[in-house]
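Fold and geometry: a report
Each chain, written out:
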Amino acid sequence: MAPTLESHQEKHSLVPTEAVPAQIEMPTRSRVTVVGSGNWGSVAAKLIASNTLKLESFHDEVRMWVFEEVLPCGQKLSEVINQTNENVKYLPGIKLGQNVLAVPDLENAVRDATMLVFVTPHQFMEGICRRLVGKISQNAQAISLIKGMEVKKEGPCMISTLIQEQLGINCCVLMGANIANEIAVEKFSEATVGYRDNKEIAETWVQLFNTNYFMVSAVQDVEGVELCGTLKNVVAIAAGFVDGLEMGNNTKAAIMRIGLREMKAFSKLLFSSVKDSTFFESCGVADLITTCLGGRNRKCADAFARNGGKRSFDELEAEMLQGQKLQGVSTAKEVHEVLSHRGWLELFPLFTTVHEICSGRLPPSAIVEYSEHAPKLSLLGGSAQIY
Ligand SMILES: NC(=O)C1=CN([C@@H]2O[C@H](COP(=O)(O)OP(=O)(O)OC[C@H]3O[C@@H](n4cnc5c(N)ncnc54)[C@H](O)[C@@H]3O)[C@@H](O)[C@H]2O)C=CC1
Ligand SMILES: O=C(CO)COP(=O)(O)O
């Protein structure tokens, strides 16, 4: 039978039953809602749901907010998820766990939740936060799995900061070498939780996500962790261009090395607190490698280069990802805005070139250019001088 919000509320009600003497105080159990139900959002719900069943401190039920859509069969996605226990559009073939409940209404999805997991493409988060103002428990904690950032008049704004400031709640982040389809079939991977100052909360998040095939650790560097997850998508676009142009493994490795260096320099220029050690966690070099090898940004950039830049990223995204979203192209634009506003363009030749190629001002081949007299990667120099 399909689960309903009401049947789950009855099952997990906090009201003491007759069997429990009134004087014994029931410990308050945390309620988890996952805001987002794409490819990674669905896998995150599966991971969490396997843990809430085991851990006493959480309600079994995990609510998952679904951005509603009508499938070609005429049924609503949220209804199909609740009937089949599968996200047939974004994660077909994988059972999410019977305690995952798809909820299409955002306000209902977050009602009474004390642990909010945000995992949507980053471009939708401003609108989602606006809709959530005043609708969430004041004692709620949040974590963002979103790789991306916003750029405002005042400067760059990380998604965890957006959540924290708009909703008035503490927000950690979880990033890592986490290609969702691999974790869905329980292949081993690691992840990094980034936190500001509350280690206890970070440990609760680790407990909620950690499984025998998903090994999570926490570091006190929320900005460093989030910037790693965000910026590696720009490097993955560059790696895709190199693949599409069939330039070989050595060139791709050079792109990854230079990209990592720019990631580190950009992060440290924005936040002096960012730690070098963060780049050696799963969120850093490991995520960079996996995304440059097997991610969606790499895949679409490869196709873009093979087509000589003649087919737009929007077109390729729609055709190749069928509803899933790229983050690297918009992140390259956002990074470019920050760089040009602060006069840092020349310090970041790789980030700058990726944006110029994505926006059609340079051909894909500009990612690596040789001159006759001084064979060089046009991307050398730049931020090496800073960090
Ligand atoms: N898929 C992956 O392997 C990984 C993704 N991430 C990150 O997780 C975040 C979410 O990505 P995925 O779960 O993969 O999503 P996705 O790219 O698979 O799916 C797109 C999602 O956006 C929703 N959507 C479409 N229009 C919308 C709108 N107007 N408002 C709100 N939602 C809308 C769709 O319903 C769908 O759930 C991204 O920041 C991504 O970088 C992080 C690690 C791994
Ligand atoms: O972030 C990811 C892996 O950690 C997934 O990257 P893509 O969005 O490029 O697929």
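Keep in mind that this is a model prediction, so the values were computed, not measured.

If you trace the eight strands from one edge of the open sheet to the other, you get S3-S2-S1-S4-S5-S8-S9-S10, paired in mixed fashion. What marks the edges here is a single partner per strand, and that holds for strand S3 (100-103) and strand S10 (214-219). Within this sheet the neighbouring strands show an average axis-to-axis angle of 25°, counted without direction. Of the strand pairs in this sheet, strand S1 (residues 30-35) and strand S4 (residues 115-118) are connected by four bridges, and their pairing is parallel. Bridge assignment links valine 32 to a residue of S4, and that residue is methionine 115. Strands S1, strand S2 (58-65), S3, S4, strand S8 (171-175) and S10 of the sheet are contacted by helix H2 (residues 39-52), whose axis makes an angle of about 170° with S2. Its contacts with the sheet place helix H9 (residues 222-244) against S8, strand S9 (189-194) and S10, and it is angled at close to 40° to S8.

Take the site of ligand 2 next. Near ligand 2 the following residues occur: Lys147, Gly176, Ala177, Asn178, Ile179, Lys232, Asp287, Thr291, Gly295, Arg296 and Asn297. Within the contact set of ligand 2, an oxygen atom lies 2.7 Å away from a side-chain nitrogen or oxygen of lysine 232. The separation between an oxygen atom of ligand 2 and a polar side-chain atom of aspartate 287 is 2.7 Å. A total of 310 Å² of accessible area belongs to ligand 2 in isolation, and the protein chains cover 91% of it. Those elements that provide at least two residues to the shell around ligand 2 are helix H11 (282-294) and helix H12 (296-306).

According to the stated counting rule, one finds eight aromatic pairs in the structure shown. With a centroid separation of 5.8 Å and 90° between ring planes, the pair formed by phenylalanine 266 and phenylalanine 348 is classed as edge-to-face. Of this pair, phenylalanine 266 sits in helix H10 (residues 249-270) while phenylalanine 348 sits in the loop between helix H14 (328-342) and helix H15 (349-358); the two residues are 82 residues apart in sequence, bridging distant segments of the chain. Accessibility expressed as a relative area gives 0% for phenylalanine 266, which makes it buried. Among the residues examined, phenylalanine 348 registers a relative accessible area of 0% and is labelled buried. What links up through ring pairs into an aromatic cluster is the set Phe241, Phe304 and Phe313.

What follows concerns the UniProt feature "domain: Glycerol-3-phosphate dehydrogenase NAD-dependent N-terminal" (unreviewed entry) in the chain. In the numbering used here, UniProt assigns the "domain: Glycerol-3-phosphate dehydrogenase NAD-dependent N-terminal" (unreviewed entry) feature to residues 32-199. End-to-end, the C-alpha atoms of residues 32-199 are 19 Å apart, and along that stretch the chain is 30% helix and 26% strand.

The subject of this paragraph is H9. Taking 1.5 Å of rise per residue, 23 residues should cover 33 Å, and H9 covers 34 Å from first to last C-alpha, within 8% of that figure. Most of H9 sits inside the fold, with 23 of its 23 residues counted as buried. Once H9 finishes, glutamate 246 follows within two positions and takes phi at roughly 55°, a positive value.

The next subject is the side chain of arginine 298. Along the polypeptide, arginine 298 turns up in helix H12. Every residue in contact with arginine 298, bar those within four places of it in the chain, is listed here: Ala236, Ala239, Gly240, Asp243, Lys252, Thr291, Cys292 and Leu293.

With that out of the way, let us pick up the site of ligand 1. Contacts to ligand 1 come from 24 residues, most closely from Asn39, Trp40, Asn178, Ala180 and Lys325. Here lysine 147 contributes a backbone N or O atom positioned 3.0 Å from an oxygen atom of ligand 1. Within the backbone of alanine 180, one N or O atom sits 2.8 Å away from an oxygen atom of ligand 1. In isolation ligand 1 offers 840 Å² of accessible surface; the protein chains occlude 89% of this area.

Cut-off values and rules
Residues numbered from 1 in each chain as written. Chains lettered and ligands numbered in written order. Predicted model: local features only at pLDDT ≥ 70, side-chain atom pairs only at ≥ 80, totals over all residues. Heavy atoms only, no water. Pairing = 2+ DSSP bridges. Helix = DSSP H or I, 4+ residues; strand = E, 2+ residues; numbered from the N terminus. Axes fitted to C-alpha atoms, helices over the stretch in contact; angles between N-to-C directions. Contact = heavy atoms within 4.5 Å. Near = heavy atom within 4 Å. Polar contact = N/O pair within 3.5 Å; in protein donor to acceptor, adjacent residues only side chain to side chain. Areas by Shrake-Rupley, 256 points an atom, 1.4 Å probe, with all protein chains shown as cover. Phe/Tyr/Trp six-rings, centres within 6.5 Å; stacked < 30°, edge-to-face > 60°. Buried < 20%, exposed > 50% of the residue type's maximum accessible area, 1.4 Å probe, protein only. UniProt positions renumbered as here; feature names shortened; annotations may be inferred. Expected span 1.5 Å × (residues − 1).

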